[in-house]
Amino acid sequence: MKAFRALLRVSMTALLRSISPGRGGLALAVGVLALVPLLLSLSLGAALTAALAPLGALDLLPGFLCLMGALLAFFLTAFGAGGLLFGGKDNDLLLALPIPDWMLLASRLLAVYLENLFLFALTLLPGMVVYSLAAARPLGLLLALPVAVFGAVVPAVPAALVGWALTWVTSRARHSALLANLGYGAVMLGCFALSIGVNLSTRTAVARGELTVRALTDAFRGPMWLFGRMGAACTGDPAALAVTLLAGVLPAAVFVGALQGRYRRLLTRMSARAGHKKYRLTAQRRAVPLAALLRKEAGRFFNTPIYLFNTAFGLILLAAFTVFTCLQGDRMLTWLAGETGLALTGADLYGVTVGTVCLLLGTVSTTSVSLSLEGRCFWLLKSLPIPASRLLGAKVWFNLLVGWPVTAVCSAALWWSQGFTPLQGAALLLVSAGVAALTSLGGAAANLRFPRLDAANDTIVCKQSLSAVLGIFGGMALVGVGIGLYLGLLSALSLELYLLGCTAVLALGSLLLALWLRTAGPRYIREL
């Protein structure tokens, strides 16, 4: 057991270092990561409690929270699980120690499990507080604790399998960059489609309570039987609690037992193959230094699947939204009114369009990880006869070139398909340009302040580093604040006038960030 505790400590140290930017930054990183499941749990708990309580079906809420927690934990950890299982810089040293293979595998699986436990518990427990208050069951939260502990294994094992499969495929395929891009795209589109289905189901639960009660009851008796048992365990059913405990122990034991015989060989082969990155820093033959730097950024971007999809998936969704809206044409307003059950006007459709474009554009932040991805080759960039401010400027310009042209084309198509006025179209283009500029510069600032040049693999940088989280969710939070400010305080203003004012604020913020990067950026570069 002493050896197992030591191995677990090594795995957990690698996990915590992957999200912590340094001394004093772990609390900030954990707080940022906790925000999404916490808000999801409280919003789902409040909405479904209001819908299910009048129908006497409040006991369905814990099972639904367990389902949401498992889906969220799986989606957020599946792409990083391969790095925890098969990554690490100390594999050769660990394999040389007299440690059973199953113990090494179990310790790394436990690290994946603890990451899932964090997300699963933060989705289940706050919602259970709402349930306990509404159902007058003071022990509801206490009963949910063992369900959270053992139920987190349910998403952890599939996430570990997906992480292993993605690592194995990308390390063996001849054209691995293309195949990996296609594979990541298919998985992420599947996750997005499933999340849309869940969102529609939740909205239907609020609008059509009786139908949802019947659908949830049938699901918890059929394909979602396990989550129904978890929900029943939260309400005090001892048999359901025993099923939950078994579901937590058995999959992990099967996973370790099935892979322990081949884990050493798999770990050695994957470490050797995955260690050879598909992107290589090579000579860039261009007459202008900026063009050479931009070509280098493009080479890394299109040859690193986890980098491409983690920073540009919002553009894929934006393109899909644009195609759907253009196909709907004049029927888009009618469709949106039917889906929301509200009497909407053309101005409301314009507001929804602007909000969607800016929210999706806010997730495009290559600058939040591009500096960390230089890794052990960063000294080569520092040795170039190019000012550090120009190196940072090239990364910012690349982010703008990735996000803004696609957004401009989509905005123009939306402008044409929905018949917006020239002022509305111009306001949409200007405010989206402001969002693109501020998120590009903000991502570069975040990566300078919280770099991860020593990460074991690209997955840790793109999925688990604090700068990546700040870059992606920071842009969405910025747009969310703007939307909330308008809806809460300034709705009397013309939306076009408000967007032009936001553009001015975004331009001022971008100017201040650009000045900071130009003056303080070289100092941070020298210290790295």
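Because the structure is a prediction, the values reported are computed rather than measured. (Residues numbered from 1 in each chain as written. Predicted model: local features only at pLDDT ≥ 70, side-chain atom pairs only at ≥ 80, totals over all residues. Heavy atoms only, no water.)

**Topic: the environment of P100**
- The topology assignment puts P100 in the loop between helix 4 (91-96) and helix 5 (101-135).
- Under the relative-accessibility criterion, P100 is labelled partly exposed at 36%.
- For the pair P100 and R264, spaced 164 residues apart in sequence, the C-alpha to C-alpha distance is 9.7 Å. (Helix = DSSP H or I, 4+ residues; strand = E, 2+ residues; numbered from the N terminus. Buried < 20%, exposed > 50% of the residue type's maximum accessible area, 1.4 Å probe, protein only.)

**With respect to the confidence of the model for the protein chain**
- Summarising the model, the protein chain shows a mean pLDDT of 79, and 80% of its residues fall at 70 or more.
- Here helix 8 (residues 176-207) stands out as the least confident element of the protein chain, with mean pLDDT 54; helix 20 (residues 422-449) is the most confident, with 92. (pLDDT = per-residue confidence, 0-100.)

**Here we look at unusual backbone geometry**
- You will see that A136, though not glycine, has its phi angle at about 55°, which is positive.
- Position of A136 among the secondary structure elements: in the loop between helix 5 and helix 6 (140-151).
- The exposed category is assigned to A136, whose relative accessible area is 62%.

**Looking at helix 10 (residues 225-234)**
- Burial analysis of helix 10 places seven of its ten residues in the buried class, the great majority of the element.
- Of the positions making up helix 10, those classed as buried are F227, G228, M230, G231, A232, A233 and C234.
- Among the residues trailing helix 10, G236 stands out with phi positive, at a value near 105°.

**Things to note about the pattern of salt bridges**
- Following the criterion strictly, the structure yields eight salt bridges and no others.
- Here R523 and E527 are joined by a salt bridge, their closest N and O atoms 3.9 Å apart. With R523 and E527 both in helix 23 (residues 495-527) and four residues apart, the pair spans about one turn of that helix.
- Here E527 falls in the exposed class, since its relative accessible area comes to 56%.
- Among the charged side chains, a salt-bridge network with shared partners connects K296, E297, R300, E374 and K395. (Salt bridge = Lys/Arg side-chain N within 4 Å of Asp/Glu carboxyl O.)

**Some details on the packing of aromatic side chains**
- If you walk through the whole model with that rule in mind, you get seven aromatic pairs.
- On the numbers, 5.4 Å between centres and 85° between planes, the contact of F301 with Y307 is edge-to-face.
- Residue Y307 is classed as buried on the basis of its relative accessible area of 0%.
- Among the aromatic residues, ring-to-ring pairing joins F301, F302, Y307 and F398 into one connected group. (Phe/Tyr/Trp six-rings, centres within 6.5 Å; stacked < 30°, edge-to-face > 60°.)

**Topic: the packing of helix 20 against helix 23**
- Two numbers describe how helix 20 lies on helix 23: the axes approach to 8 Å, and their chain directions differ by 25°. As far as their axial angle goes, helix 23 and helix 20 are roughly parallel. In the packing of helix 20 onto helix 23, the handedness of the crossing is left-handed. (Axes fitted to C-alpha atoms, helices over the stretch in contact; angles between N-to-C directions. Parallel < 35°, antiparallel > 145°, perpendicular 65-115°, else oblique. Left-handed = near helix turned anticlockwise from the far one by under 90°.)

**Looking at a nonpolar patch on the surface**
- A contiguous nonpolar surface patch, about 410 Å² in accessible area, is contributed by L359, F473, M476, I483 and L487.
- In terms of residues, the nonpolar patch owes the most to one element, helix 22 (residues 466-488), which gives four residues.
- As for its placement among the helices and strands, L359 is situated in helix 16 (residues 346-361).
- Look at L359 and you get partly exposed, because its relative accessible area is 30%. (Patch = residues over 30% accessible without salt bridge, like charges linked within 9 Å, V, L, I, M, F, W, Y side chains within 5 Å. Areas by Shrake-Rupley, 256 points an atom, 1.4 Å probe, with all protein chains shown as cover.)

**Comments concerning the state of the cysteines**
- Counted under the stated rule, the structure contains zero disulfides.
- Not engaged in a disulfide, the cysteine C326 finds its nearest cysteine sulfur in C410; these two sulfurs lie 8.4 Å apart. (Disulfide = S-S within 2.5 Å.)

**Observations concerning the environment of L430**
- Topologically, L430 is positioned in helix 20.
- When its relative accessible area of 43% is taken as the criterion, L430 is described as partly exposed.
- Sequence separation between L430 and A507 is 77 residues, and the spatial gap between their C-alpha atoms is 9.8 Å.
- In contact with L430, not counting residues within four places along its chain, are L500 and T503. (Contact = heavy atoms within 4.5 Å.)

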